[in-house]
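# Residue-level structure breakdown
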Amino acid sequence: MIRPSPAAASSTRRDFLKTAGSATAVALTIGFEWLGPPRRAMAAVGSPAVFAPNAFLRVGADGSVTVIAKHVEMGQGAHTGIATVLAEELDADWKQVRVESAPANAKLYANLAFGTMQGTGGSSAMANSWSQLREAGAKGRAMLLAAAAQEWKVPVSDLTVDKGVVYHAGSKRQAAFGALASRAAALPVPDNVTLKDPQDFKLIGHQCPRLDVPSKVDGSAQFTLDVALPGMLVALLKRPPLFGATVKSFDPNAASAVPGVVKVVQVPRGVAVVAKSFWAAKQGRDALSVDWDDSHAEKRSTSQMMNEYRQLAERPAASALKVGDAAAAIKSATHTVAASYEFPYLAHAPMEPLDAVVKLTAGSCEIWAGDQFQTVDQGNAAKAAGLEPQQVSIHTLFAGGSFGRRANVGSDYIVEAVSIAKAYGADGTPIKLQWTREDDIHGGLYRPMYFHKLEAGLNERKELVGWRHVIVGQSIMAGGLFEVMVKDGIDPTSVEGASTIAYKIPNIDVELSTTKNAVPVLWWRVVGSSHTTFAVEAFIDEVAHAAGKDPFAFRRDLLEHEPRMKAVLELAADKAGWNNGPMPKGKGRGIAVGEAFKTFVAQVAEVSVDDRGRVTVDRVVCAVDCGIPINPDVIAAQMEGGIGFGLGAVMYSAITLQDGRVEQDNFNSYRVLRMNEMPKIEVHIIPSGEAPTGVGEPGVAPIGPAVANAIFAATGTRVHVLPFPKSNQV
Amino acid sequence: MSTSFELNGVSTTLDADPAMPLLWAIREVAGLHGTKFGCGMALCGACTVHVSGKPVRSCVMPLSAVAGKQVTTIEGLQSKQAKAVQEAWILLQVPQCGYCQSGQVMSATALLESNAEPTDADIDGAMSGNICRCATYTRIRAAIHAAAQSIKA
Ligand code: FES
Ligand code: FES
């Protein structure tokens, strides 16, 4: 890697001073810190860069274009999306584009949607990177053009670029980016660049093959599971069987006697067995006996908790939205509808059980993980290690799924790994903490359990005049780093999707009763909308039925003022053949629509219910508006995957507690969707010129209510408790 | 204790506890990392390898059980069915997080090696033991059909 010339450095500093506040400028300036030792330590093996105009781009002498991704690739296609945006403005050749994960450095790589924190979540990767990376690419392009103009002594305006090659038509000269890179590196970074007219996009909106796919097809993709460092040991941690219990005492002898076990150490979360192999660590942990102090542990069952939630729904609660007077409107209505919905705790169960590798010494902590929350993890790791955050470096690897699990304010799995390395002796021995699937299912940080109670009133013309919605459940944000987001007793992640209800109703009341349980909870793919969209969309269907209206037409008429939501609803209905007449006996169609993270999704589900009540979801038609579609095929894939993920949860998944103990262990008792249960899916993307929004999560929300409404259409029975009753399961 | 078998066409002797699951022997002793750990209980298929040409869950098979047998992992796939599967996987952009995909490719390859033109029901039968939490199932199904067609062509 060649250091930039002093001229370039001072120019970018000026650039920063002039345009402080512009995120790209910040990145450009601090980009030179990035060339210091920490950056080199993190650099992946690859062609040396000769041109690195900002923290997001390196062009090698061989013409390779390396895009530095500040977002983790956990399946959602972020690496490909990020590269598409930057490569578009750079006019790079897609075949020469590769992606490298950024190091943990919030100054350079903050998620602009999170403020000053580096991390991935809230379907924000593309939305927050869009302008930043377009500018980064455009500045790189401008500098490569300036280099060619300088070399050929021609005006920049006479040059064109296509697929990583600069052309001068007049003199029939051309030069590839690689050949221009070192000259470009000596030039000042321009203050302003003109971004492309979207009509000229060559990559955005077209099909760029995912950059990570080849390595994920031949087994060579590197996950944390695959990290193998010289002398590395493997640790398994025995955690308390009840939430809130702690270690009273333990006997390490049986575990230590297992061949291959090196050490048994106590850490704040439990007792770890450190061994030469997974198998030795596993046998050691099986042999380990620990006495737990469960005097402060959660000992209730989820059935008890849900009873308490039901009672709480009858008491006054905090107001999340108040329009008009819903109680009065419902009281004076000619017809009322009421229903309640119950949602279980859910585990994320990413395919790769949580894991992290830590190499700890007296003055440094190096971490390898499918890290989703770099800044938070850096801080928590430092605290656990007794170091400063800047002494902690993170190699972000591919994550084998996350669905929110790897982004948590306590950095649970990272802190465990660091504290084990510390208890082991902090002698620089790399230690891989490996969770088993049972650890994952028992491990807490679940999607909270919720109870929803809804009431609605119709007037004599069968118009919806009042809507009352009470939500009861734990807060995700309370008591942690995001506590500041909780205002007037309202955690926005408990009510989003309900307090943001799009339907035009003159009187609305949305209330929240926040409960306190010792069961740790966390955002789970699509967060609040994972339950609120179900409640709103299942209930509006009940209201439409009570009003004697078609469920699609009823929704559409209440969305006149919401053109984007209405458009996805109409497109899904149209493509599904909603108005093509009734389904045959035993089959039904259901519709649902929702907005999450500013992306609009509508889905129509078609189900078959056999004479024993067993449900098969045959087909799902999905319409999505996520602004400018950056990678249409990735968008389709996220909708398909979101539908499968959401469908598995509503049909099968629940974490339940009996006397405080989690009753599920592995994929036999925590059921998720399998191949034979996956419906056919069609995805339709609304063309749009709006700024792009995320697609990783919003596809999850509508599928549950769409299927529940389809079951009603087929059978006349409503689903009020999730997961669907066993009798519905094939 | 050591166990000898053929690993991806190479005769191999691994010095490890014969009770160690084949998965961990392949990963930690032989150093081949394409085969993944997802459940450890034959419930997810992430650890699927071929033993004597048949797909097995290596997380529950002790190393001793493959003595003298042929074991193929994702790194050793050679057959025309395997190549067709991997090409179709790329063409249809199947993987998301990718963690389950070695297992999916191994199961799909074994299916096509025993059934040149599987129906949807055959695919359900052969692939329902392979969980994909990213739910790439529609593309897996389409890619298996595409691979079958490409071999026929
Ligand atoms: S790890 Fe072997 S089947 Fe899941
Ligand atoms: S691609 Fe993520 S689990 Fe299958």
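Residues numbered from 1 in each chain as written. Chains lettered and ligands numbered in written order. Predicted model: local features only at pLDDT ≥ 70, side-chain atom pairs only at ≥ 80, totals over all residues. Heavy atoms only, no water.

## Here we look at the sheet that holds strand 8 (residues 233–238) of chain A
Residue and element names in this part refer to chain A. With respect to topology, seven strands assemble into an open sheet ordered 10-11-8-18-15-16-17, the strand pairing being mixed. Each edge of the sheet is formed by a strand with only one pairing partner; in this case those strands are strand 10 (261–267) and strand 17 (392–396). Here the strands of the sheet are splayed against their neighbours by 25 degrees on average, with no regard to which way each runs. Of the pairings in the sheet, the one linking strand 16 (residues 365–369) to strand 17 comprises five bridges and is parallel in character. Along strand 17, the bridge assignment pairs Glu-366 with Ser-393. (Pairing = 2+ DSSP bridges. Helix = DSSP H or I, 4+ residues; strand = E, 2+ residues; numbered from the N terminus. Axes fitted to C-alpha atoms, helices over the stretch in contact; angles between N-to-C directions.)

## Details of the interface of chain A and chain B
Between chain A and chain B, the contact holds 56 residues from the first and 46 residues from the second. Here chain A and chain B share an interface that buries about 4,300 Å² over both sides, 61% of which is from carbon and sulfur atoms. Counting every contact that joins chain A to chain B gives four salt bridges. For the salt bridge of Arg27(B) with Asp226(A), the shortest nitrogen-to-oxygen distance reads 2.9 Å. At the junction of chain A with chain B, the criterion picks out 24 residue pairs in polar contact (both at pLDDT 80 or more). (Contact = heavy atoms within 4.5 Å. Buried area = accessible area lost by both parts, 1.4 Å probe. Salt bridge = Lys/Arg side-chain N within 4 Å of Asp/Glu carboxyl O. Polar contact = N/O pair within 3.5 Å; in protein donor to acceptor, adjacent residues only side chain to side chain.)

## A word on the packing of aromatic side chains
Any aromatic ring pair is given by two values, namely how distant the centres are and how the planes are angled relative to each other. Tallying each qualifying case throughout the model produces 19 aromatic pairs over all chains. Both rings, one in Tyr341(A) and one in Phe534(A), keep their centres 6.1 Å apart while their planes meet at 70 degrees; by these two values the pair is edge-to-face. Here the residue Tyr341(A) occupies a position in strand 14 (residues 335–343), and Phe534(A) occupies one in helix 17 (residues 529–546), the gap between them amounting to 193 residues. Across the pair, Phe534(A) and Tyr341(A) agree in class, each one buried. Measuring from centroid to centroid gives 5.1 Å for Trp24(B) and Phe37(B), while their planes differ by 55 degrees, and the two rings are tilted. Here Trp24(B), found in helix 1 (residues 22–29), pairs with Phe37(B), found in the loop between helix 1 and strand 3 (48–51); they are 13 residues apart in sequence, far enough to count as distant. (Phe/Tyr/Trp six-rings, centres within 6.5 Å; stacked < 30°, edge-to-face > 60°. Buried < 20%, exposed > 50% of the residue type's maximum accessible area, 1.4 Å probe, protein only.)

## Observations regarding the confidence of the model for chain B
Taken as a whole, chain B shows an average pLDDT of 98; of its residues, 100% reach a score of 70 or greater. The ipTM assigned to the predicted complex is 0.98, against a pTM of 0.93. (pLDDT = per-residue confidence, 0-100.)

## Some details on the domain arrangement of chain A
Residues and elements named next belong to chain A. When the domains of chain A are assigned, the result is domain 1 (31–218), domain 2 (224–295 + 354–434) and domain 3 (302–346 + 445–728). Taken over C-alpha atoms, the centre of domain 2 sits 37 Å from the centre of domain 3. Around 1,200 Å² of area is buried between domain 2 and domain 3 when both sides are counted, 76% of it from carbon and sulfur atoms. Here domain 2 and domain 3 share zero salt bridges between them. For the pair domain 2 and domain 3, the interface holds two residue pairs in polar contact (both at pLDDT 80 or more). Along the lines of polarity and charge, the residues of the side of domain 2 that touches domain 3 split into eight nonpolar, two polar and two charged. (Domains from an automatic or database assignment. Nonpolar A, V, L, I, M, F, W, Y, C, P; charged D, E, K, R; others polar.)

## Focus on the environment of Pro353(A)
Relative to the helices and strands, Pro353(A) is located in the loop between strand 14 and strand 15 (355–360). Judged by relative accessible area, Pro353(A) falls into the buried class, the value being 0%. Setting aside residues up to four positions removed in sequence, Pro353(A) forms contacts with Gln434(A), Trp435(A), Thr436(A), Arg437(A), Phe37(B), Gly38(B) and Tyr99(B).

## Re the environment of Phe250(A)
Note that Phe250(A) resides in strand 9 (residues 246–251). Those residues in contact with Phe250(A) that lie beyond four places of it in its chain are Val264(A), Gln266(A), Val271(A), Leu288(A), Ser289(A) and Val290(A).

## Concerning the sheet that holds strand 5 (residues 159–162) of chain A
Residues and elements named next belong to chain A. Here we have three strands laid out as an open sheet, ordered 5-6-7, and antiparallel in their pairing. Looking at which strands have only one partner, the edges of the open sheet turn out to be strand 5 and strand 7 (173–176). Looking at each pair of strands side by side, their axes are set apart by 20 degrees on average, direction ignored. Of the strand pairs in this sheet, strand 6 (residues 165–168) and strand 7 are connected by four bridges, and their pairing is antiparallel. Looking at strand 7, one finds that His-168 is bridged to Arg-173. Against the sheet, helix 7 (residues 177–185) touches strand 5, strand 6 and strand 7, its axis set at about 80 degrees to strand 7.

## A short note on the nonpolar core
In this structure, Leu464(A), Trp467(A) and Trp89(B) are the most contacted members of the largest nonpolar core, which totals 202 residues. With 51 residues, the next largest nonpolar core counts Leu108(A), Leu145(A), Val166(A) and Ile628(A) among its residues. (Core = buried A, V, L, I, M, F, W, Y, C linked by side-chain atoms within 4.5 Å.)

## Overview of the pattern of salt bridges
Oppositely charged side chains can pair when the atoms bearing their charge come close. Residues and elements named next belong to chain A. All chains considered together, the criterion is met by 51 salt bridges over all chains. A salt bridge links Asp-541 to Arg-555; its shortest N-O distance comes to 3.0 Å. In this pair, Asp-541 is assigned in helix 17 and Arg-555 in helix 18 (residues 551–557), connecting sequence segments 14 residues apart. Like Asp-541, the residue Arg-555 is buried in the burial classification. When the shortest N-O distance is used, the salt bridge between Lys-587 and Asp-618 registers 3.6 Å. Within this pair, whereas Lys-587 is found in strand 22 (residues 587–596), its partner Asp-618 is found in strand 24 (residues 615–625), the two being separated by 31 residues in sequence. Look at Asp-618 and you get partly exposed, because its relative accessible area is 27%.

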